[in-house]
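# Coordinate analysis (summary)
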2 protein chains.
Amino acid sequence: MDSQLKAIIEQIVGVEHVSDSEAMRELHGHGESYHKGIPPELVVFAGSTEEVSAVVKVCSERNTPIIPYGTGTSLEDHVSAYRGGVSIDVSRMDKVIKVNTEDLDVVVQPGVTRKQLDSYLRDTGLFFPVDPGADASLGGMAATRASGTNAVRYGTMRENVISMTVVLADGTVIKTASRSRKSAAGYDLTRLMVGSEGTLGVITELTLRLYGVPEAISAAVCPFDTIEGAVDTVISTIQCGIPVARIELLDAATIDAVNKYSKLDNKVTPTLFFEFHGSENGVEEQTQLVKELATDNGAGEFQWATLQEDRDKLWHARHNAYYASMAMKPGTKGITGDTCVPISRLAEAIDEANKILATSDLLTFIVGHVGDGNFHTVILVDPDNEAEIEEAKILNNKIVERALELEGTCTGEHGVGRGKMDFLIQEHGAGVEVMKAIKKALDPNDIMNPGKIVTV
Amino acid sequence: MDSQLKAIIEQIVGVEHVSDSEAMRELHGHGESYHKGIPPELVVFAGSTEEVSAVVKVCSERNTPIIPYGTGTSLEDHVSAYRGGVSIDVSRMDKVIKVNTEDLDVVVQPGVTRKQLDSYLRDTGLFFPVDPGADASLGGMAATRASGTNAVRYGTMRENVISMTVVLADGTVIKTASRSRKSAAGYDLTRLMVGSEGTLGVITELTLRLYGVPEAISAAVCPFDTIEGAVDTVISTIQCGIPVARIELLDAATIDAVNKYSKLDNKVTPTLFFEFHGSENGVEEQTQLVKELATDNGAGEFQWATLQEDRDKLWHARHNAYYASMAMKPGTKGITGDTCVPISRLAEAIDEANKILATSDLLTFIVGHVGDGNFHTVILVDPDNEAEIEEAKILNNKIVERALELEGTCTGEHGVGRGKMDFLIQEHGAGVEVMKAIKKALDPNDIMNPGKIVTV
């Protein structure tokens, strides 16, 4: 790192907000998966859009890469500094700027995490539905087009970001859209930036949709003898148009891990976690319909959680499933599949994934947002054992190939990063050339999170 | 038009599918508003993606512009051939390719119109919600990011296009996404193409979301003494999170026009049209809540339409509101505002629009998808009277300027075309430069519907 550049950046953000210590650089070089990552040369804790813009501008003038950093919970090596450069950490930009109660939206800085926003909204009667497992930053969630357990009813970051402020590769600041609910005013810059993983710009402010907390909420845990019974229940629920808020599958191995990690005593068998939102009557109606469908597919007894405290415990356990699985074999990391298929192909996709995983002795788990057709396969590997990593990758490749044959996608919500670039080419073909053309147009010197999504 | 190019195109699509007759060219040069338009040099009725690709390729080699054409119902001069060239009419590509009942989606060719799809789906128990006033083609609706009366509940084309096949400026064919419900696989090419108005490519196939026809549907007409009462009812309804399917405002002038055009006898006063979707109980609950809110805001008697036939009549009248307004002064055309603001600013935006319109003697109407914060001002002008056009534009400019000040957008659903390019710059500022960069990257010779959205 050019010491002159460091000095200029220190002037912009304050010397106390810049670090090139080995520990800080190491922390900012990797996410939470098996990818080892590569540390940046410098970590900058920016405090405002103006500071981000100024830092990007001076980096741009020196052709120095920029890697935006939220909470470092990525699973696909999004923050590795492949060409060195500066990590822009937005954790200081953690203010909820304004809740527009009447418009059901909120303006936040990118470092606000989803749990922080949850707490902030507690007394407003409103909530933000997108909830990946990790307590990710909202900027990072927008950057990777994250979703979570509520997406089946409320959509993903794609549907729930109204507008963003973004610093482009030359330091220019744009607002992607107005605060209105819909617009036909030109190319959809909001959706272009959602999912761009820091390769087109740094997100420095977001306007997000909120929803009224439903009058009634009820959650349930429902065990099945077979994974097929669980999956068929999901498919029927979606095809009947029942507006479930959450419908999550955990296979027996995941239930075992979750029980141990979160001190629960669920029956160790394939299980669906449900949540219903609506009026008292509406929730009752949904519940009855789903119970009938589940019973037809061999469900065991539903266990209900209507108290907020019990529901929180349930979903907390679900959100920690990835950490719970890793805890089954300390020292391991997960290689995580994230395929998503049309709902009619879900039973086939999960069945085949199961068969593929069964050929290996590695510890594996299946868990997912099955209402969207999205499921995760987690394969535990020793991150220092190349043979295990290689084996897991071969299994993962087979699962992805099958999902693509079933008209699915290689990633429902984790993003491409460095980890899924080959899959992206398999999935999109000539579309990847369009992505490259956009990348070159908006970042001609390839300084924005280089080497992610596409190489140019 | 170079006669060699015409001969090559005739070879590609068949001589019977190519026309340069004056009448055919004239028809393809304009939409349905006051814009007079400019005819293309040649009209080509393409029959397949392959034919579109081949035509675009030969045009690209000769630097000849391409203007995609659906049904010609645009309001913002989207089909004018400003630099001459070839109109690619997709009306022959009118097949519904496949209804995937289990996945709640449908694959269609771009020339299928919304009413045609409605009829096709009649016996499936499914429906497609996006319904602009005109019987537009689905390709055109995607190209302009259209919405309509159901958007408040079901979203616009932005939310309801799953994937598209698009022919790019060099003839390359891409598929923008898989058929899965969500994906984090790279830049969102689907959302980039939705709303790109033919300036980045020609849409030749679409996969669209469908919804189950609700168990119960009920529609109502509710008169108010004042437009404020009607708008306040809308705002309260949205803020209470009541999941109305449709909530439409028609001012007294529009009701008068609609009554005359569709032979109805609604009281000539500001009026809301509602529709409720859900279970029997759900619809009953929503209805009661909305009635209370409406009564609090001075509503008159609700008139109910629960029979499909009566509902169809009601919405048919609403969809024809633009044609009805023009019929109030034969020979005129509309200059249509399409502003959309956050719902909390809607009362202010409509009140100010009303005051601005009241300063003019031109015939004016206000009608809109108020649940989204979107409303149309229609100003009737003699398309040959420059003074009237100038006056209407000044009124329109004031309305848009105010909407932008209220954190709104210049267009909720009609798109930019040629007509709103200045407003786009006012609204997006530096964002327009990003749009230009994308346009240049994907269409370096500016042959795809040139002169629309941005000039490069």
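Owing to the predicted nature of the structure, the values given are computational and were not obtained by experimental measurement.

## Side note on the overall build of chain A
A tally of helices and strands in chain A yields 17 helices and 18 strands. Relative to the globule expectation of 23 Å for 456 residues, the C-alpha radius of gyration of chain A, 22 Å, shows essentially globular dimensions. Across its three principal directions, the C-alpha atoms of chain A cover 70 × 55 × 40 Å. Taken over 456 residues, chain A has a buried fraction of 60%.

## Overview of the domain arrangement of chain A
Residue and element names in this part refer to chain A. Domain boundaries in chain A define domain 1 (3–89), domain 2 (96–212), domain 3 (216–323) and domain 4 (329–418). On a C-alpha basis, the centroid separation for the pair domain 2 and domain 3 is 28 Å. Tallying the contact residues gives six residues for domain 2 and twelve residues for domain 3. Here the residues of the side of domain 2 that touches domain 3 are counted per class, giving one nonpolar, three polar and two charged.

## Things to note about the relation of the copies chain A and chain B
Mapping chain A onto chain B is achieved by rotating through 180° and translating by 0.0 Å along the same axis, at an RMSD of 0.0 Å. On this basis, the relationship between the two copies can be described by a two-fold rotation axis. Here 100% of the interface residues in chain A have copies in chain B that are interface residues too; the copies meet face to matching face.

## Description of the sheet that holds strand E4 (residues 86–89) of chain B
Residues and elements named next belong to chain B. In space, the four strands of this open sheet follow the order E1-E2-E4-E3, with mixed pairing throughout. Edge strands, defined here as strands with exactly one partner in the open sheet, are strand E1 (18–19) and strand E3 (66–69). Pairing geometry for E1 and strand E2 (residues 42–45), over two bridges, is antiparallel. Across the sheet, residue Ser19 finds its bridge partner in E2, namely Val43. Running over the sheet, helix H3 (residues 49–61) touches E2, E3 and E4 and is turned about 170° from E4.

## Section: unusual backbone geometry
The backbone phi angle of A:Asn449 is positive, close to 40°, even though this residue is not glycine. Residue position: A:Asn449 is located in the segment after helix H17 (431–442). Within the chain, B:Glu407 stands out as a residue other than glycine whose phi angle is a positive 65°. Structurally, B:Glu407 can be placed in the loop between helix H15 (386–405) and helix H16 (421–428).

## A word on the pairing of strand E18 (residues 374–381) of chain A
All names here are of chain A. Buried residues dominate E18, accounting for eight of its eight residues. With burial as the criterion, each face of E18 is covered, one bearing Asn374, His376, Val378 and Leu380 and the other bearing Phe375, Thr377, Ile379 and Val381. As paired elements, strand E16 (residues 333–336) and E18 share four bridges and run antiparallel to each other. Looking across to E18, one finds that Gly334 is bridged to Leu380.

## Side note on the nonpolar core
Ranked by size, the top nonpolar core spans 270 residues in total, and within it A:Val44 and B:Val44 carry the most contacts. Not counting residues within four places of it along the chain, the set of residues in contact with A:Val44 comprises A:Ile9, A:Val13, A:His17, A:Val18, A:Val55, A:Val86, A:Ser87, A:Ile88 and A:Asp89.

## Regarding the pairing of strand E10 (residues 202–209) of chain B
For a regular strand, side-chain orientation follows a simple rule: the groups alternate between the two sheet faces. Residue and element names in this part refer to chain B. Extensive coverage of E10 is indicated by the burial of seven of its eight residues. Relative to E10, strand E8 (residues 161–167) runs antiparallel, the two sharing six bridges. By the bridge assignment, Met164 is partnered in E10 with Leu206.

## Comments concerning the environment of A:Ile425
Residues and elements named next belong to chain A. Among the structural elements, Ile425 can be located in helix H16 (residues 421–428). A residue is classified by how many C-beta atoms lie within 10 Å of it, and Ile425, with 15 of them, is partly exposed. Measuring from C-alpha to C-alpha, the distance between Ile425 and Glu388 comes to 25 Å, with 37 residues separating the pair along the chain.

## Thoughts on helix H10 (residues 252–262) of chain A
All names here are of chain A. Looking only at H10, the buried set comprises Thr254, Ile255, Ala257 and Val258. Angularly, the buried residues of H10 cover 165° about the axis, an arc narrow enough to put them on a single face. Where the residues of H10 are buried, they touch strand E13 (246–250), strand E14 (271–278), helix H12 (308–319), helix H13 (321–327) and strand E17 (364–369).

## Considerations on the interface of chain A and chain B
Each partner contributes residues to the interface: chain A has 70 residues there, and chain B has 70 residues. Listed by contribution, the elements that provide at least two residues to the side of chain A that touches chain B are helix H7 (157–160), strand E9 (173–175), helix H8 (189–193), strand E11 (211–212), helix H11 (280–296), H16 and H17 of chain A. Per-element tally for the side of chain A that touches chain B: the top contributor is H17(A), with eight residues. Classifying every residue of the side of chain A that touches chain B by side-chain character gives 24 nonpolar, 29 polar and 17 charged.

## Here we look at the sheet that holds strand E17 (residues 364–368) of chain B
All names here are of chain B. Reading across the sheet, the seven strands line up as E15-E12-E14-E13-E17-E18-E16 and stay open at both edges, with antiparallel pairing between neighbours. Sheet topology places strand E15 (303–305) and strand E16 (333–336) at the edges, where each strand pairs with a single neighbour. On average, adjacent strands in this sheet sit at an angle of 20° to one another, irrespective of strand direction. Pairing analysis gives two bridges linking strand E13 (residues 246–250) to E17, with the strands arranged antiparallel. Following the sheet pairing, Leu249 is matched in E17 by Gly368. The strands touched by helix H14 (residues 346–358) within the sheet are E17 and strand E18 (376–381), with E17 carrying the most contacts at an inclination of about 165°.

Rules of the game
Residues numbered from 1 in each chain as written. Chains lettered and ligands numbered in written order. Predicted model: local features only at pLDDT ≥ 70, side-chain atom pairs only at ≥ 80, totals over all residues. Helix = DSSP H or I, 4+ residues; strand = E, 2+ residues; numbered from the N terminus. Rg over C-alpha atoms; globule rule 2.2 N^0.38 Å. Buried ≥ 20, exposed ≤ 12 C-beta atoms within 10 Å, placed from the backbone. Domains from an automatic or database assignment. Contact = placed C-beta atoms within 7 Å. Nonpolar A, V, L, I, M, F, W, Y, C, P; charged D, E, K, R; others polar. Least-squares fit on C-alpha atoms with pLDDT ≥ 70 in both. Pairing = 2+ DSSP bridges. Axes fitted to C-alpha atoms, helices over the stretch in contact; angles between N-to-C directions. Core = buried A, V, L, I, M, F, W, Y, C linked by C-beta atoms within 7 Å. Arc of directions from axis to C-beta.

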